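Take a look at the letters that make up each chain.
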Amino acid sequence: MSYEFLVASAIGVLVAGGIFLALRARTFQVVLGLTLFSYAVNLFLFASGRLVIGRPPIWDKAVTEYTDPLPQALVLTAIVITFGMTAFVVILALRSFLETGSDHVDGDTVPCDAQDGSADGEDTRL
Amino acid sequence: MAIAMTLLTLVALPFVAALAIALLQDAPRAVHSAIAAGASAGGLLLLASLTASVIAGDVPSASWSWVPSLGLDLTLMVDPLGLMFAGLILGIGLLVVIFAHFYLYAGEATGRFFASLMLFQGAMLGIVIAGNVLLLLVFWEMTSLASFLLIGFWQHKPEARQGARMALAVTGGGGLALIGGMVLLGIAAGSFDLATILERGDVVKASPLYPVLLGLILLGCFTKSAQFPFHFWLPHAMAAPTPVSAYLHSATMVKAGVFLLARLWPVLAGTDAYTLIVTSVGLTTMIVGAAVALFRHDLKSILAYSTISQLGMLVMLLGFSLEAAALAAVLHILNHAAFKAALFMSAGIVEHETGTRDIRRLGGLAKAMPITAAVATLAAASMAGLPPLGGFISKELMLYETPKLALLGVPWLLPVLATLGAAFSVGYSLRLAVHLFFGSPREAEPFARAHDPGIGMWAAPAFLTVLAVLLGLIPMLLAGPLVGAVTAAVTGAPAPEFDLALWHGVNLALILSMVAVAAGVLLLWQHKRLLGLWESAALPDAKRMFEATFAFADTWVRKAIVATHTPSLQRMLLASFAVIILLIVDGMQAGGAFTGTRALLPASAPAIIAWALLIAATAAVVNDSRNRLRVLIYVSVIGLVISLAFVQFSAPDLALTQISVEVVTILLLLLALNLLPKEPPLLSSASRKWRDGALAITGGVLIGGIAWAMLTRDPGPSIAAYHLANSKSGGGGTNVVNVILVDFRAFDTFGEIIVLGIAGLGIFALLDTTARGAAGARLRGWREDMPHSPERHPMMLVAASRIILPLTLTVGIFLFLRGHNQPGGGFIAALVVAIAFLVQYLAAGFDWSDARKRFGEHQLIGWGILAAMATGLGSFIFGAPFLTSTFDYFSLPLIGKFELASAMAFDTGVFLTVFGAVTLALAQLSHIAQRAARAYSARNDAEDAA
């Protein structure tokens, strides 16, 4: 097995998990989906500099070969921004739950306060 | 150069005055009106300094490049047409300011009033001296906005708000059409420069675009100048204070459409389509407006419809496409400005002194207010076109031209209809004067109150009426050279021979004029009977039609939005993902090998184990997403594996960032989860899961496949080599990633820290207000739903966290300082330091930590961004572009040689902002969590006691 296969397949699995969770009905699951998706996107961006082992972009007179530093710089800020986005979405979800008593993404007022699991029979949720 | 400054000052003066008045909002009214009057008078003086040369045929102009790629230049020019309008705008503006100073009641927002008025003056002035059609459009839109503000000045009155909205909808909508028309005009003429366009009339008229651009420009002109069938907004705009009606809705803004028709006369006029449309629209407006004016009872409403009618006459004259008719239009613009502004101000005086504008309740006012009566009656006589006043001459000129044009092929049609319109004009003008000032009072109360105002109020209308009289008595002396020069500027050819005088001998025009006067007298005599007929006829109500149209559009737009933007995130996301997947599938049609030729790196056994962990953890997250606490552990496994991958693939900075972000994210999710439901009862139906699962797997396979195809190919040419070569020599650092962040691409980073700062503040805003309303109630009703340690702050954790704090801070400082040369830097250091503080919150509680905290996160975010920006701006001092960095080596005893780079200051900004945003988010979250917990324990204690 090659590293390339490991990274590509990991990206694929993370994307699949991210899409599936992003389509769930509860805000927390959507946040998790976004988190998985962000991992995948950051890995993908990073991979656009290709996989290189043992050549960090720390300049040295004696070294001539480095990995591409640009995707790394982009991904570094992307990771931090991802945190900002996740934090904002989580707080948004929290606020909407506190306001409505429901953590359904579409604001359907199915109160979670009544946690009996049979609150609805619609086909969008069960 | 002097000319350029004069023009620039001329157009800037009103805007500066508007700003000054707005800043001095609380100053007494005299300050506001003095600034406004000073600016208008100053503008008049500047204009006067140009007048002699402009009349002599010179066109002072100046141009500054603004957006060259669009053809938008700041070009100003004063030709005779612009000069005349600028004179009207500033002159009547000055009179209106004086009038308004006395007209507005005590306690009204004079600052807002005069600031809006000056804003309008500047915009209007801009229209008439703009030398670039795109620039003209900018000012054109500004007049619509200023008019909106002024009509709605009395915000508490519903009719003011409705009138303002209607005016904005009609003139703004016409403005949109005008934008299209002007851009097409620029394309057809090959330039947006007005002087150039005016020389290319033949090119434009021959262009295939001509019919379209003509239609669009006319739409803009007709809406602005209240031409039928867009006339209905003007009467509703009368909800504005009377000075505004006098200024905007009679003398200046409504003439912008007429101005533009005159301005573009050489380019547009002369074709059959132009002559037919413009003449018939103007004629219809003239007759309809005059007829309606005859049967209105509100003074301002009568004046509004008479304005519509007079504007119709101007448009019609320009539509003739005859030079002599253009001359008549020019003269009538002057006449109309004089008598109509005077009449509006007189109406304002009558309302001010009697408390009503209803002509049915007034009458015989000449006895109570003789000065006002004299002023208004003379102005009305000019409006009726009676000799020896200015209105008579321009109406004669108009009637003289009508037989020259066979409208619809019928030679007598135009003279007859024009005479009919003139007769109505005589009718409503006489009715206004006679019913208002003569006869006996119809009601006692308003008459008893009536008296002439102070000179401050009647001076302005009296001055205008004197002008209206002089325009009749000595027209050649007063206006001859100006009218000649303006007509030449309008037509783009030398003005025709003309002689402005009251007596030209007996000709057809005189006969038609006499017929009109006689018919007008007849109308006044039979007014009561005609009024009965008029009121029994079921006439359409323009306002109701307008509102029905609006409601119709509103309903359908709403339906369209609901149909296309389903109010469901789930459905929207599903559609988005599906579309993206389809696009990828479509892109794959291009073909090519799936696997590239790049040599692959064989994976080590530990790497395969880590990969398996990641896959398993992802599966667990998806499978177990209901058990939210456990899911967080799986997520952190994924984050850890990704950090390890970064270590393996030569990205130490990324590994450090990922691992510290991971810690912060998990802390945040834990805190949020404390308040969210932990095990939600509801999950999706099986069929829905299968559908989403299929979509997810397709997406995963496709993206993974793309990643594979990319990873197995060699990269194309990259700018990495440049970054690597210049990092040390140009940026002064050996950590190329950090140098890119703080130097090569510092502007990106600057944007990113601003985004992060905004996210932090947004989170604060979302959480800070949770104490109120439904959220507050729910928060207070929160109950512990998980077993908690009996010790809220375990001793071991507290002690350990306090020992760790200085150590972590040291690590943070170390990472920051070495960041330019070794893995580290502002981002990572900020996250590490933030973690050190968050551990304190976690261990010792919010109150304890918050009380000992000596910094405010809000300020940190602000100072961070300011520090980064100051570093960037600092390079301007040395004449270098924004964010150019510099560095040098220094040496100190004991420490030795070390480096200082300006990029370090930038990195400090990054550090402060990231640290501020992260701690703000988490501290605020733990704050409300603590509040909820305290409410819970207080309630428990109360229950225990009971």
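This structure is a prediction, so every number in the text was calculated from the model and none was measured.

Description of the overall build of chain B
Consideration 1: Of regular secondary structure, chain B possesses 40 helices and four strands.
Consideration 2: Expressed as a percentage of its 946 residues, the buried residues of chain B come to 54%.
Consideration 3: In chain B, the proportion of contacts linking residues at least 24 apart, taken out of those at least 6 apart, comes to 78%.
Consideration 4: For chain B, the computed accessible surface area is about 39000 Å², with 70% contributed by carbon and sulfur atoms.

Side note on the pairing of strand 1 (residues 61-67) of chain B
All names here are of chain B.
Consideration 1: As judged from the six bridges shared by strand 1 and strand 2 (residues 72-77), these two strands associate in the antiparallel manner. The residue of strand 2 that forms the bridge with Ser 63 is Thr 75.
Consideration 2: Remark: four residues form the turn of the hairpin made by strand 1 and strand 2, two consecutive strands paired antiparallel; Gly 71 in that turn has positive phi of roughly 80°.

Some remarks on the nonpolar core
Consideration 1: By size, the foremost hydrophobic cluster in this structure holds 195 residues, and its most contacted members are Leu117(B), Met182(B), Ile217(B), Trp233(B) and Tyr274(B).
Consideration 2: Broken down by element, this core gets its largest block of residues, 20 residues, from helix 16 (residues 323-354) of chain B.
Consideration 3: Sequence-distant contacts of Tyr274(B), defined by excluding residues within four places in its chain, comprise Tyr210(B), Leu214(B), Leu261(B), Trp265(B), Leu268(B), Ala269(B), Thr279(B), Leu318(B), Gly319(B) and Ser321(B).
Consideration 4: By size, the runner-up hydrophobic cluster in this structure holds 132 residues, among which are Ile19(A), Leu23(A), Phe83(A) and Ile861(B).

Describing the packing of helix 9 (residues 210-224) of chain B against helix 12 (residues 255-263) of chain B
All names here are of chain B.
Consideration 1: As a packed pair, helix 9 and helix 12 sit with axes 6 Å apart at the nearest point and diverge in direction by 145°. Here helix 9 runs over helix 12; the crossing is left-handed. Together, Ile 217, Leu 218, Cys 221, Phe 222 and Lys 224 of helix 9 and Ala 256, Gly 257, Leu 260 and Leu 261 of helix 12 make up the contact between the two elements.

With respect to the environment of Leu831(B)
Consideration 1: Along the chain, Leu831(B) falls in helix 37 (residues 826-844).
Consideration 2: Leave out the neighbours within four places in its chain, and Leu831(B) touches Thr657(B), Ser660(B), Val661(B), Val664(B), Val914(B) and Val918(B).

Examining the pattern of salt bridges
Consideration 1: Summed over all chains, the structure comprises 18 salt bridges over all chains.
Consideration 2: Two residues, Arg360(B) and Asp358(B), come together in a salt bridge whose shortest N-O distance is 3.1 Å.
Consideration 3: Taking the shortest distance from any N to any O, the salt bridge between Arg934(B) and Asp847(B) comes out at 2.5 Å. Here the residue Arg934(B) occupies a position in helix 40 (residues 902-945), and Asp847(B) occupies one in helix 38 (residues 846-852), the gap between them amounting to 87 residues.
Consideration 4: The partly exposed category is assigned to Arg934(B), whose relative accessible area is 43%.
Consideration 5: Connected via shared salt-bridge partners are Arg24(A), Arg691(B) and Asp692(B).

Here's the deal with the interface of chain B and chain A
Consideration 1: Facing 116 residues of chain B, the contacting portion of chain A comprises 91 residues.
Consideration 2: Together, the buried faces of chain B and chain A total about 9700 Å²; carbon and sulfur atoms form 76% of this surface.
Consideration 3: Partitioned by chemical class, the residues of the side of chain B that touches chain A number 75 nonpolar, 26 polar and 15 charged.

Details of the environment of Leu214(B)
Residues and elements named next belong to chain B.
Consideration 1: Position of Leu 214 among the secondary structure elements: in helix 9.
Consideration 2: With 55 residues separating them along the chain, Leu 214 and Ala 269 place their C-alpha atoms 9.6 Å apart.
Consideration 3: When near neighbours in sequence (up to four residues on either side) are disregarded, Leu 214 contacts Leu 268, Ala 273 and Tyr 274.

Concerning helix 27 (residues 569-588) of chain B
Consideration 1: An ideal rise of 1.5 Å per residue puts 28 Å on 20 residues; helix 27 of chain B measures up with 29 Å between its terminal C-alpha atoms.
Consideration 2: Here helix 27 of chain B has its buried residues at Gln570(B), Leu574(B), Phe577(B), Ile581(B) and Ile584(B). The buried residues of helix 27 of chain B all sit within an arc of 95° when viewed along its axis, so they share a single face. Set apart from the buried face of helix 27 of chain B by more than 90 degrees, the exposed residues are Arg571(B), Leu582(B), Leu583(B) and Asp586(B).
Consideration 3: Of the surrounding elements, those touching the buried residues of helix 27 of chain B are helix 1 (3-22) and helix 2 (27-47) of chain A together with helix 31 (686-711) of chain B.

Some thoughts on the confidence of the model for chain A
Residues and elements named next belong to chain A.
Consideration 1: This prediction gives chain A a mean pLDDT of 83; 84% of its residues lie at or above 70.
Consideration 2: Here helix 3 (residues 69-100) stands out as the element of chain A with the lowest mean pLDDT, 91, in contrast to helix 1, whose mean of 95 is the highest.
Consideration 3: When the criterion is pLDDT under 50, residues 110-126 qualifies, and its contacts beyond four places in sequence or with other chains add up to 37 contacts.

Cut-offs applied
- Residues numbered from 1 in each chain as written.
- Chains lettered and ligands numbered in written order.
- Predicted model: local features only at pLDDT ≥ 70, side-chain atom pairs only at ≥ 80, totals over all residues.
- Heavy atoms only, no water.
- Helix = DSSP H or I, 4+ residues; strand = E, 2+ residues; numbered from the N terminus.
- Buried < 20%, exposed > 50% of the residue type's maximum accessible area, 1.4 Å probe, protein only.
- Contact = heavy atoms within 4.5 Å.
- Areas by Shrake-Rupley, 256 points an atom, 1.4 Å probe, with all protein chains shown as cover.
- Pairing = 2+ DSSP bridges.
- Core = buried A, V, L, I, M, F, W, Y, C linked by side-chain atoms within 4.5 Å.
- Axes fitted to C-alpha atoms, helices over the stretch in contact; angles between N-to-C directions.
- Left-handed = near helix turned anticlockwise from the far one by under 90°.
- Salt bridge = Lys/Arg side-chain N within 4 Å of Asp/Glu carboxyl O.
- Buried area = accessible area lost by both parts, 1.4 Å probe.
- Nonpolar A, V, L, I, M, F, W, Y, C, P; charged D, E, K, R; others polar.
- Expected span 1.5 Å × (residues − 1).
- Arc of directions from axis to C-beta.
- pLDDT = per-residue confidence, 0-100.

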